[in-house]
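Tertiary structure, described
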Amino acid sequence: MTFVNYQYIKRYRMELNMRRWRRPAIELPIGYRLVAWDSSLVSAHAEVKHASFRDEIDAMVFPCLGEYDGCHRLMSEIETKEGFMPEATWLAEYVGAGPSKAEYCGTIQAVRIQPTRASIQNIGVTPFHRGRGIGSALILAALLGLQHLAVPIVRLEVTAENEGAIRLYRRLGFREVRTIYKTVELAYSGPSG
Ligand SMILES: CC(C)(COP(=O)(O)OP(=O)(O)OC[C@H]1O[C@@H](n2cnc3c(N)ncnc32)[C@H](O)[C@@H]1OP(=O)(O)O)[C@@H](O)C(=O)NCCC(=O)NCCS
C-alpha cells in the first residue's frame, strides 16, 4: 500500500530593485571563467544543476532537480520559453587544472515573468567549488545582463531553510517581499499484506 503525506515548505520570494542597484565588479578566483549562453550548452547546464542540487533540500521541493533527466527536461523547457533571457544565463567553468580537465561548476538562468520583472532561477554551484565567490559572480553576471535589458525588478524564490543562499542574496541586495508555502507530496510504501 502506498501512503501519501503532504509537507508544506516555507519559501521566500526576494526581489532586487535594479533602479537602485549600483553594480559591483565581478570578481572570480584565478582558474575560473564565465561562459555565455549557447543552445549547445543545455546538457552542460543540466549536469551542473544535477550535481549542485541532488543532495540539497530543493531536490525534495522540486524532485526534477534530483535527477539528471529532470534537470535536462527543465533546462530544455526553460530555453524554449518565450521569456527566456540568454543575456542573463551563464555557466561557470573551472579551467585551473588545464584545458583537458576543464569542468563546468556553476549555472544560472533568467526568464522574464512580467513586463517589469525577470526571475533568476536554479542557481547552483557544485559542492567542491562553493565558498569561492562563484555563486556571487554568476548572480552579478545575470544582473548585468538584466540591467543591460533595462529590467526594473529581479525576483527569485528560495527555501527558508537554505540560510546560506538567503545570506548571499541579501548581501547582493535582494530583500524578502513575500513568504510562500509550497506543498510537497511525500509518497512511501507501507508493508504489503
Ligand atoms: C547557494 C550557492 C549557489 C552559493 O554558491 P557559492 O559559490 O558557494 O557562493 P559564494 O561563494 O559566492 O558565497 C558563499 C559564501 O562564500 C563566501 N565567499 C565568497 N567568495 C569567497 C572567497 N573568495 N573566499 C572565501 N569565501 C568566499 C561568501 O562571502 C559567502 O559567505 P556567507 O555564506 O557567509 O554569505 C551554493 O551553495 C549552491 O549551489 N547550493 C545548492 C543549490 C542551492 O541551494 N541553490 C540556491 C537555490 S535558491
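In what follows, the accompanying structure is described.

Parameters and conventions
Residues numbered from 1 in each chain as written. Predicted model: local features only at pLDDT ≥ 70, side-chain atom pairs only at ≥ 80, totals over all residues. Helix = DSSP H or I, 4+ residues; strand = E, 2+ residues; numbered from the N terminus. Rg over C-alpha atoms; globule rule 2.2 N^0.38 Å. Buried ≥ 20, exposed ≤ 12 C-beta atoms within 10 Å, placed from the backbone. Core = buried A, V, L, I, M, F, W, Y, C linked by C-beta atoms within 7 Å. Contact = placed C-beta atoms within 7 Å. Axes fitted to C-alpha atoms, helices over the stretch in contact; angles between N-to-C directions. Parallel < 35°, antiparallel > 145°, perpendicular 65-115°, else oblique. Left-handed = near helix turned anticlockwise from the far one by under 90°. Nonpolar A, V, L, I, M, F, W, Y, C, P; charged D, E, K, R; others polar.

1. Some words on the overall build of the chain
Looking only at helices and strands, one finds 5 helices and 7 strands in the chain. For the chain, the succession of helices and strands along the chain, N to C, is β-β-α-α-α-β-β-β-α-β-α-β. For a compact globule of 193 residues, the expected C-alpha radius of gyration is about 16 Å, and the chain comes in at 17 Å, within 12% of that figure. Oriented by its inertia axes, the alpha-carbon framework of the chain measures out at about 60 × 45 × 30 Å. Out of the 193 residues in the chain, the part that is buried amounts to 32%.

2. Here's the deal with the nonpolar core
Within the largest apolar cluster, 35 residues are counted, with the highest numbers of intra-cluster contacts made by W90, A118, I120, L138, I139, A142 and L146. Put simply, the parts of the chain that give this core at least two residues each are β1 (2-17), α1 (42-53), β3 (90-94), β4 (103-114), β5 (117-125), α4 (134-148), β6 (153-159) and α5 (163-171). Considering each element in turn, this core owes the most residues, 9 residues, to α4. When residues no more than four places from it in sequence are discounted, the contact partners of L146 are M18, A88, A110, A118, V151 and V154.

3. Focus on the packing of α1 against helix α3 (residues 68-80)
The contact between α1 and α3 brings their axes to 8 Å, and the two run at 130°. Between α1 and α3, the interaxial angle falls into the category oblique. Viewed along their axes, α1 and α3 form a crossing whose handedness is right-handed. On α3, the residues touching V42, S43, H45, A46, E47, K49 and H50 of α1 are Y68, C71, H72, M75, S76 and E79. Here the contact of α1 with α3 is composed, by residue class, of 5 nonpolar, 5 polar and 3 charged.

Scope: geometric values only; no functional claims are made or implied.
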